[in-house]
Amino acid sequence: MKFDTGKPPINLVPSEAIIDAANVFAFGAQKYGENNWRTDINKFPLSRHYASIQRHMLAWNSGEDLDPESGLPHLHHAMTQLMILTTCVREGVDVDDRFKQATNED
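The structure contained in this document is the topic of the report that follows. (Residues numbered from 1 in each chain as written. Predicted model: local features only at pLDDT ≥ 70, side-chain atom pairs only at ≥ 80, totals over all residues. Heavy atoms only, no water.)

### Side note on the overall build of the protein
Heads up, the condition is: Note on conventions: DSSP H or I runs of at least 4 residues are helices, E runs of at least 2 residues are strands, and numbering of each starts at the N terminus. When we talk radius of gyration, it's over C-alpha atoms, and the globule rule is simply 2.2 Å times the number of residues to the 0.38. Here's how the labels work: a residue is buried when its accessible area is under 20% of the maximum for its type, exposed when over 50%, partly exposed in between, all with a 1.4 Å probe on protein chains only. When checking whether two residues touch, look at their non-hydrogen atoms; a contact exists if any pair is within 4.5 Å. Here, Shrake-Rupley sampling with a 1.4 Å probe gives the accessible areas, and only protein chains in the shown set may cover a residue. Only four residue types enter the tally: Lys and Arg on the positive side, Asp and Glu on the negative side, with His and both chain ends excluded. Positions of charges follow a simple convention, taking NZ of Lys, CZ of Arg, CG of Asp or CD of Glu.
What the protein contains, in helices and strands, is four helices and zero strands. When the helices and strands of the protein are listed from N to C terminus, the series reads α-α-α-α. Relative to the globule expectation of 13 Å for 106 residues, the C-alpha radius of gyration of the protein, 17 Å, shows a markedly less compact shape. The principal-axis extent of the C-alpha atoms belonging to the protein is close to 50 × 50 × 30 Å. The buried share among the 106 residues of the protein stands at 25%. Pairs at least 24 apart in sequence give 68% of the contacts found in the protein among residues at least 6 apart. Put simply, the protein shows about 8,200 Å² of open surface, and 56% of that area lies on carbon and sulfur atoms. Each charge class in the protein can be summarised by its mean position, and for the 10 positive and 15 negative side chains these summaries are 6 Å apart.

### Section: the packing of helix α3 (residues 46-61) against helix α4 (residues 74-91)
We count it as follows: Every axis corresponds to a line fitted to the C-alpha atoms, with the helix fit spanning only the stretch in contact, and the corresponding angles, defined between N-to-C directions, vary from 0 to 180 degrees. Angles below 35 degrees are treated as roughly parallel, those above 145 as roughly antiparallel, those between 65 and 115 as roughly perpendicular, and all remaining angles as oblique. By definition, any crossing whose near helix is turned counterclockwise from its far helix by less than a right angle is left-handed, and any crossing with a clockwise turn is right-handed. Throughout this entry, Asp, Glu, Lys and Arg are counted as charged residues, while Ala, Val, Leu, Ile, Met, Phe, Trp, Tyr, Cys and Pro are counted as nonpolar. The remaining residues, Gly among them, count as polar.
It is at 9 Å that the axes of α3 and α4 come closest, and there the two elements cross at 160 degrees. By the angle between their axes, α3 is roughly antiparallel relative to α4. Our pair here, α3 against α4, has a crossing hand that is left-handed. Of the residues in α4, those in contact with Leu 46, His 49, Ser 52, Ile 53, His 56, Met 57, Ala 59 and Trp 60 of α3 are His 74, Leu 75, His 77, Ala 78, Gln 81, Leu 82, Ile 84, Leu 85, Cys 88 and Val 89. Class assignment of the residues belonging to the contact of α3 with α4 gives a composition of twelve nonpolar, six polar and no charged.

### A look at the packing of aromatic side chains
Note the following rule: For this analysis, a ring pair means two rings from Phe, Tyr or Trp (six-membered ring only for Trp) whose centres lie within 6.5 Å, classed as stacked if their planes differ by under 30 degrees, edge-to-face if by over 60, and tilted for the remaining angles.
Overall, the coordinates contain one aromatic pair when judged by the stated rule. Both rings, one in Phe 25 and one in Trp 37, keep their centres 5.8 Å apart while their planes meet at 40 degrees; by these two values the pair is tilted. With Phe 25 in helix α1 (residues 15-32) and Trp 37 in helix α2 (residues 36-39), this pair connects stretches of sequence that are twelve residues apart. Here Phe 25 falls in the partly exposed class, since its relative accessible area comes to 26%.

### Overview of the packing of α1 against α4
The N-to-C vectors of α1 and α4 enclose an angle of 85 degrees; their axes lie 9 Å apart at closest approach. When the interaxial angle is binned, α1 and α4 end up roughly perpendicular. Across the interface between the two elements, Ala 17, Asp 20, Ala 21, Val 24, Phe 25 and Phe 27 from α1 touch His 76, His 77, Met 79, Thr 80, Met 83 and Ile 84 from α4. In terms of residue class, the contact of α1 with α4 is built from eight nonpolar, three polar and one charged.

### Description of α1
Given 3.6 residues per helical turn, the α-helix brings residues three or four places apart onto the same face. The cut-off we apply is this: One less than the number of residues in a helix, times 1.5 Å, gives the span that helix is expected to have. Throughout, the arc means that of the directions going from the helix axis to the C-beta atoms.
Taking 1.5 Å per residue as the helical rise, α1 with its 18 residues ought to reach 26 Å, and the 25 Å between its terminal C-alpha atoms agrees with that figure. When α1 is considered as a whole, its buried residues turn out to be Ala 21, Val 24 and Gly 28. Viewed end-on, α1 has its buried residues packed into an arc of 60 degrees, placing them on one side of the element. Exposed and facing more than 90 degrees away from the buried side of α1 are Glu 16, Ile 19 and Gln 30. Packing partners of the buried residues in α1 comprise α2 and α4.

Right, dumping it as C-alpha cells:
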C-alpha cells in the first residue's frame, strides 16, 4: 500500500512550465551565477521582485513576446520571478516593504 495522502500532487503541474522556468533560471545562472538569487534573498526588498514581474507582464501586454536581452518569453520571466518572490516571502527576513493601508485599529 502506498501512502500518498498529504503529498503535493506534483503531477498536476505542467511539465512545460517547469521547463520554461528552468530555462530562465539557466539564463540567470549564466549571467549572475547559479542560485545567486538564493544568496541574495535578504538583500533586496519584495518590491524589487514585484516590479520585475510587472515589467515583464507590461511588456507582454504591450505586444512584446520576447525579452530582448534573454530572447526568452516575458511570461516565462514573470513566472520565474513569481517563484522567486514566493520563496522570498517564505524564507526572507525583513524584506517586506509593501505599502500597507492604515486600518481603523492602527
